Every structure is written in C-alpha cells, then in structure tokens.
Amino acid sequence: MNIANFLPLLSAFFVLGLGIFVFIRNWRSKQNQIFFSFCIALLFWLFGTYMLFTSSTDDQAIFWDRFVYIGVAFVPTLMLHFSFVFTKEKKQKWLLYFAYALSIFFIIISRTDYFVADVFRYDWGLHTKAKFFHHLFLVFFTVFIVLTYIKIYKYYKSARSALIKQQAKYIFIAFLLLVVIGSVAYLPAYGIGIYPFAYIAGVIFSTILAYAIIRYRFMNIRVVLSRSILYFLLVVLISGGFVLAAFLIGQVFADSGINQLYVGIIVSLVVVLGYEPLKNFFARITDRIFYKEKIDYQLVLREVSTVLSEEIELNSLVESFGETLADGIKIKYARLYLSVDELCFIPVEDVKKKRKNIKSEYPSCHSPLVRELDKSKEIIIFDEYERKAADEQDEKKEKKMQKIIRDMEALNALALVPVFRENKMTALLVLGPKISGDPFSNEDIRLLQVISPQVASALEKAKLYQEAQMFNVKLQKEVDKATASLKKANAEMKETNIEIEIKNKNLNTLQRFSSEILKNVEFKKISHEIINSIPKEIKDCENVLLSIVGPKKRFLVAHSIPENTAFAKGIFALIGDDISKYKVPLTSKTNIMVQAIKDKRPKMTTDLKELVSPPLPIQVADKIAKMPPIAKSFIIIPIVVGDEAWGTMAFSLTREPADVAAADMEMMSAVTRELGIALERSRFYEKLQSINEKLTEANEHLKDLDRAKSEFMSIASHQLRTPLSGVMGYLSMILEGDYGKLKKEQKEIIEDVFEASQRLIRLVNVFLNVTRIEAGRFILNFAKIDMVQTIEDEVHELMPTADKKGITLIFNQPRTKIPEVIVDPDKIKDVVLNLVDNAIKYTKEGEVIVGIKKEGKDMIHVTVKDSGVGIDPEEAKHLFDKFVRGSGIARVQPDGSGLGLFIARRITEAHGGEIWVDSKGIGKGSTFHFTLSTKDRPLEPEKVTLKKVKA
C-alpha cells in the first residue's frame, strides 16, 4: 500500500482533535458549534477517502466515495453558515436555508449513478468517475465557497478591532488553503491521476487555526498556554509517527518472516527515544511564535511601584505612571481617568479646565460601562467583551453589552481597569493596544490586578497633597477676601433682612390664599376674598382688577375689584356697582389686557386708557386716573391654565415702572397663579356636578330597566316551563307507545322534537336560575354527599352522548380517599353535568377526562380535561360572565346560552369554592377546574345573592 494513502487518516486525526478542542472549550457558543460541525463534515471526507484508498473491490470503492459526500456536500454550506455567525450577519438568512436544501439534495443524489459511478484507478490510488450531477455540485461548491470568502474579506476590511482583523485574516487563509489544496482531490473524478497531496490540507487547516486560537483568541477561547498546544502537537505527531513507523517497518519486514511483536518493540523504542528531543524542539518553537518579546513582569511591577510610592504631585504621578506602565507591558498608552464630583470620569489634564460641556465628553457614573465595572469589579478586555456580546443569546443583555462596547470605543480603550478605594471606584485605567498587535495575556491581566490597589492608594495620597497645597493658597486668599467682604456683608445684610421680611410676608400671604382656595370651590367667594386682601398685602398696590374670559370666548368680562377702599367707592360712583356689564371684545387691538391674553405674557403700561378703554369712554378713564392715590404703573398678568388664557389680573401701583422690584412681580404672578388654580377647580367642580347628576339619572334608569328585565325573564320562564312540561309528557308517552306503535320515520321525528323540548326546558331552567340569583331567591339545600359517587353517576349518564359522538369519556378514580362534602347535591350535580356536557359538545374527536383529588387540608379539586376547540387565554378571563361564549363557539354548538358557566360559577363560589379554566389556546383543548370546601357547615337552606359571591 502507498504511504500517501495514510495522508487522509493523518489529516482526519488533526481535524477531529481541533474540532473537539474548540467544542469543549465553549460548547454554548453558536460559532464553536458550527465549527465543530464543519470539522465533522471534513472528517467524513478524510476518513471516507482513507477507506476508499484501502478498498479491495469496485463496490467498496463506490460505497466509500459516496460516503465521502455525506460530509463534502455540507462543506460549502457550513463554511457559509460559519461566515454568517463570525461576521454577525443577520440578513440574507434565506441564502443559508437555500444552501442547506441544496446540500441535502446533493447527498440524496450522490447515492445514485447520476452523481458518481465506476472506478478510475491510477498510480497512487483510485476514485469514482464524476457524472452529470457531480458537475452541478462543483458549481454549487464554488459559488458558496466564493460567497464565504467575500463575507469574511468584507468583515476584515470593516473591522475596527486589531484582534478581530487578525482572526478574520487567519480564518480567510485557513479556509482558502483548505479549499485550494483540498479541491485537487476532485481531479481523479475527471480521469486526472495526481499524487494525493490534497489530503494534507486538513493538517495545514488545523495548524493555522490552532495558531489563531492561541495567538488571537479565535473561537472566544481565552489565552491558552503554549504548553497545551505543545502537548497537543506532541500527541498528534507521536501517535501519527507510531502508526507511520509501524506501517513502514511492517512493509519492510513483511516478507522477511520477522514476528510483529519485534516490529512493535522497535517502534516503541523509536517513540520513547524521540519524545524528549521532540518536546524540547516544540517548546522552543511555541515560545518563539507565541511569546516574541518576553516581558519581565517582576521588573515592571517594581518600576511601577517605585513611581507610585515616590511621586506625590498628581499630574507628575499620573504622567510617570502612564509612561512606565506603557513601556513595561509594551502598549501604546496608559491613561488614568479620575472621578470628579461623582458625575463623570475625566483625564487629569482636563480636570482643571473650565469648559461647561467637558463632562459630556467622558463616561458618566451612570453610564452602562461604569455601572458594569462598578458591579463586576473586574478588568474588561475589549476584544473578549466584543466577542462575548456577539455570542450572547439574550437580546436585552446583548443590547446592554453593545452600549458598553460603544463607551469603550469612545475612549479608544483596548482594556479598562477599575480602581477602587474602600469599595468605591475612584479612577479608571484606560489602556491602548499592544505595540506588537498581540492581545493582552494572562500575565498582563494579573499585573494590572496587582497594581490596581497601589494606584488607588497613590491617587488618594496625591489628592490629599494637592488639596493641602490648594488649601494653603485658598486660605490666604480667603483671609484677604474676608476682610473686604465683612464690610460689604454688613451692608448687604440689612438689604437681605428687608428682602427676607418681604418674602416671608409674601409667603404667608400665598399660604393664606392657598388655604382659602383649598377650603372652597366657589370661585366668586374665593376671588372676592383674595381681591379685597391684595391692597393690604402688596406694597404700593392701591387697586386690582380681575377680568374673566366669557363662556363663548368673545369678550373679556370685568369680574371684581376691591370693595372696601375709598378708591373703589369713587369708581362705583362713576360707573355703577355692577362692573360685570363692562366687556372688552377679544378682537380689540388697543386694550393691553387683550394683548396679554393673546401673548400669554405679562404686560406693563403707564396709561390707564390702554387698560380700560374700551369698554369705558376716554373721559371716564381720565377721571379715574386723576382719583387719589395717583397710579403710576399698571401690571397686567394673564391667568393661564394649561395652554389657555382664562383671564387677567391688572395691578395698579403708585410706583414708577423702573421701581417695580422682581420680588413684587413674583408675588403678583404667584397670586395670579393661585386665582387660576381656584378658577380651574371651580369650573372642574361645576362640570363634575353636572356629570354626577346625569350619571345618577342614567343609573336609576338602568336599575329600572334591569328590574323590568329580571321580572320579564322570570315571568316568561315560568310561563314557558308549564306548557313545555306538558309537551314533554305527551311526547314521552307517544315514544313509549301509549298511543300506538310508531313508524321508524315518525319515531325519529318525535325523538328529535323530544330532544329539542329537553334543551328548551333546560334553557328555561337556566334563565330561572339566573333570575333567582339576581333576585336573591336562589336557595341552597345542604346535605352530605360522596363527590366521587356523584361524579361517577354524572359521567355514566353522559356516556351515551359521548359514545354517540365517538369520544372517549373517562373518570379517573382517585388514588386516595376523598372526604364527603356538605353541599346542595342538585346544584353541584348541575355544575359537574354542565362542565362534562360542555367538554363533550366542544370536542370533535379525542377524549374527555374527569378527575378528583384532595387538595390541602380542607379542599377537594375536580378537573374536566378535553381535547376540544380550546379557548383564547384573553377570553378565558371573562368566560364565566353572563352571556359570554368563546370565539367561534357558536359555529360548533349554536344552541348555547352563555349562562351555564355563569351559574356554575355562582354555585361554586356560594359553596366557598372557586372555578376557573386553563387552555393553551385555540385548538389545543381546555381544562376546567372547580374546588369545594370539606369543612362542616349547618344543614340549613341558604339564599344566594350576587353580593355573597365574588364579582
């Protein structure tokens, strides 16, 4: 046998080992799962090829070559699927479904002679010959492989992370070499005999991806020690070497008659003697590949600790620390962000800047990134976290993680180290990428974990020193300022005291006004009280005019002015006591009150005519203006409620406009707002009263209608039941032959009429029960019964109905003894009958199962389960209300009343139990439940009213 025949087996061993290694490292990852599936597909190819090469007959060769295509058919599809997951592609899912469908198609067709048939033998092996569908398969193989390369290449070009770029590069190279070299294996299918070097592709593919896993954490497998890979390679090579050596020696000594035992001993000696040199060789190789630049972490730690202990000035400390750490672990930069005002983390060099928006440029204490660091207290590595987010299945958690990634990107951080002092995060250490492009190693992370507490202590020491320095400078400045400010403070204190007195007075006034408003809802009374108080409460305010927008919103109507002043008496003498007859059209362009209404802003004037003309004549306005005390300014403030102006307050002041203080304006605005609140409450109260009166009338009318309805239903039910009973009696006698033997056709008609009469009288009884419940005349007559026997009797009674429909009706006897209960036997029978009868009615096929069990200390639980039409969960909430039936029920059972379950609910709850239904939805069956208490109760009749049961 040719040695080349063992190449597929060797590659299969490499591929299977890599696939298992990746899967067990992170089997929950979808990416790892698909990669493992891809390795299994390659295993089918390689193992099947090995078996093909060792086949002794044409039939065996054809079988194993077709076996190969079980895996090969899925190679392009799994490669494409892997590219979707790796690149986080969420669109074009249809392409994947199409690819899987084609793979399945080609697996099926590969079983036939239309795909491969016959055998081509050449110097180094044998292969089946390609047929028509094999050509189509190569087209499918090529197209989807090319699509995979395009996706990975685009992702490589757009990736921001250096680690992701490296991963994408090695994935691209590994897949490219696998396909380019491996595709040579198709040539013998077309009659081209070539040395089978194509099968070394599995070894090359596995080696490249193993390097990507170690160096660039591919497959989300965190930093794996070179020793692990060393032993993996040793196991693979020694195992492969053992097999190869055994084969070669066996071939050499096959005809010499040497015992196979001696061959094994020779091979074992070769393996034992070669193990140590191979181990040392691979140790040197892995160290050279994976650890190009050795870092003396102990030296870095000493240098960093020296800086942190010796530097005391904050800026110098941060700068020296950053440079020492960056040089030590060979990264581009290391920056410290300090917590400022508990609002955000800011670089030291920006802390002293005065820009207002500086805090918006850096992470706040409430950002997802800072909250995650504060919660986990662990170092975050950007590349690892980004891949973890990509693998997260929970969409809500994945969105949160993406926010954290964006925060890190904004900081240009490849690693973030939280710095804690007394369990409080005081700083962030932001690290840039490694100069070599390598990811952060476990040693890097351990170093950062060690120096983090030292950084916290050094920062605290530097801050204390800085605060002491600043305190000395501030202290001198404060002493100088204190002397100058003392005199100024004494002068300002007097003014402040005056302002405080005014504000206190204003607050007391507003509090009194608010109290008055809360006590009353009558606006006229409240407004008069406030208007009459204003001249006493607001300094230099001699008069005030309240005006309200009319109902039709066409006029601004004068409402009230203070009535207990000499000024008011003079005005009443001029224009009369009833000022409400004076209205200003809201279309007026000259009246300043109308302008305040339109603009919804305060207005000021010194001319009274702008305030009162129109509606008052100019001559009258002039006379009022000359009345003492002479007003020098008029402040008009609109009463705004929501987005609408409802009126104005016009304040007349004996001060010039320039002398009107801000406190006075605030007081006038506050009083106006209080009046607005009073007006709103008054109008709302009036509307509420009107609505209540209408609702009371409507409620009384509804009560009358309900009573009339109940009386009608009761009378109608009684009137119907008497003749129906007679009809039932005569029909029963006819069916029994009392009036002679009936023909078959006559008997069928009479039976139908008899059944219809039974349904009608049951419906009349249902209506009677409803009216009795509503009228409080529904009587429960209690007795002690055996519920198991009761259910068994009802099931037996309904068995013919179930058999007629072809439905299996089952009563599951309880495993434990069920205690007797004190209930109204007839009413409880009605409940059981209703539930079981409904289950039979609404089940087209299948079964109805009735069960009973003891629940707790003093309850029994009855269930009726069917495989019928099912109930929408939303409809189930209202199924036990009056006249309620499920959607589509009328089409299944048109003669239902919608009252049976209502009555069952009333009966159950009147017995101290509950009734409910469970259903997974339409078409999925239902389970009705009800419970009854086993507690003792007096055996006396009891009335059931609507008030006695739950709504």
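Heads up: the structure comes first, above all this text.
Structure report, in brief. A quick note: this is a predicted structure, and the numbers were derived from the prediction, not measured. (Residues numbered from 1 in each chain as written. Predicted model: local features only at pLDDT ≥ 70, side-chain atom pairs only at ≥ 80, totals over all residues. Heavy atoms only, no water.)

### Description of the pairing of strand β6 (residues 415–421)
Heads up, the rule is: Burial classification: accessible surface area is computed with a 1.4 Å probe over protein chains only, and a residue below 20% of its type maximum counts as buried, one above 50% as exposed, and the rest as partly exposed. Going along the chain from the N terminus, every DSSP run of H or I of four or more residues is numbered as a helix, and every run of E of two or more is numbered as a strand. Should DSSP find at least two bridges between two strands, the strands are taken to pair.
Taking burial as the measure, the seven residues of β6 include six buried ones, the bulk of the element. Of the strand pairs in this sheet, strand β5 (residues 380–381) and β6 are connected by two bridges, and their pairing is antiparallel. The residue bridging I381 from the neighbouring strand is A415, located in β6. Note: β6 against strand β7 (residues 424–431), seven bridges, orientation antiparallel. Considered in β7, the bridge of P418 is made with L428. Between β6 and β7, which pair antiparallel and follow one another directly, the connecting turn spans two residues, one of which, E422, has a positive phi of 55°.

### What about helix α4 (residues 75–86)?
Since there are 3.6 residues in each turn of an α-helix, residues three or four apart along the chain are aligned in direction. Convention followed: Under the convention used throughout, the expected extent of a helix is 1.5 Å for every residue step, that is, one less than its residue count.
Look at α4: 16 Å from first C-alpha to last across twelve residues, which is about the 16 Å you get at 1.5 Å a residue. Extensive coverage of α4 is indicated by the burial of twelve of its twelve residues. V75, P76, T77, L78, M79, L80, H81, F82, S83, F84, V85 and F86 are the residues of α4 that are buried. Once α4 finishes, K88 follows within two positions and takes phi at roughly 60°, a positive value.

### Describing the sheet that holds strand β4 (residues 344–347)
Note the cut-off: Whether two residues are in contact is decided by their heavy atoms: any pair within 4.5 Å suffices. With axes taken as lines fitted to C-alpha atoms, and helix axes fitted only over the stretch in contact, angles between N-to-C directions fall between 0 and 180 degrees.
The antiparallel open sheet is built from five strands, whose spatial order is β4-β3-β7-β6-β5. A single partner strand is all that each edge strand has here, and the edge strands are β4 and β5. For strand β3 (residues 334–340) and β4, the ladder comprises four bridges, and the chain directions are antiparallel. Each residue of the ladder has a partner; that of V340, found in β4, is C344. Sitting on the sheet, helix α14 (residues 368–376) is in contact with β4, β5, β6 and β7, with an inclination near 60° to β6.

### Notes on the sheet that holds strand β9 (residues 555–560)
With respect to topology, six strands assemble into an open sheet ordered β10-β9-β8-β13-β12-β11, the strand pairing being antiparallel. This sheet does not close on itself; its edge strands, each paired only once, are β10 (583–585) and β11 (603–605). Neighbour-to-neighbour, the strand axes of this sheet turn through a mean angle of 25°, independent of strand direction. Against the sheet, helix α18 (residues 523–537) touches β8 (541–549), β9 and β13 (644–653), its axis set at about 155° to β8.

### Some remarks on the packing of aromatic side chains
Going by this rule: Aromatic contacts are taken between Phe, Tyr and Trp rings whose centres are within 6.5 Å, Trp giving its six-membered ring; a plane angle under 30 degrees counts as stacked, one over 60 as edge-to-face, and the others as tilted.
All told, the structure shown has 28 aromatic pairs when counted by the stated rule. Where F74 meets Y100, the ring centres are 6.2 Å apart and the plane angle is 50°; that geometry is what we call tilted. One end of the pair, F74, is in the loop between α3 (58–72) and α4; the other, Y100, is in helix α5 (residues 93–109), and 26 residues separate them in sequence. For Y100, a relative accessible area of 23% gives the class partly exposed. Ring geometry for F82 versus F86: centroids 6.2 Å apart, planes at 5°, classification stacked. Residue F82 and its partner F86 are located together in helix α4, separated by four residues, close to a single helical turn. Here F82 and F86 have matching classes, each one buried.

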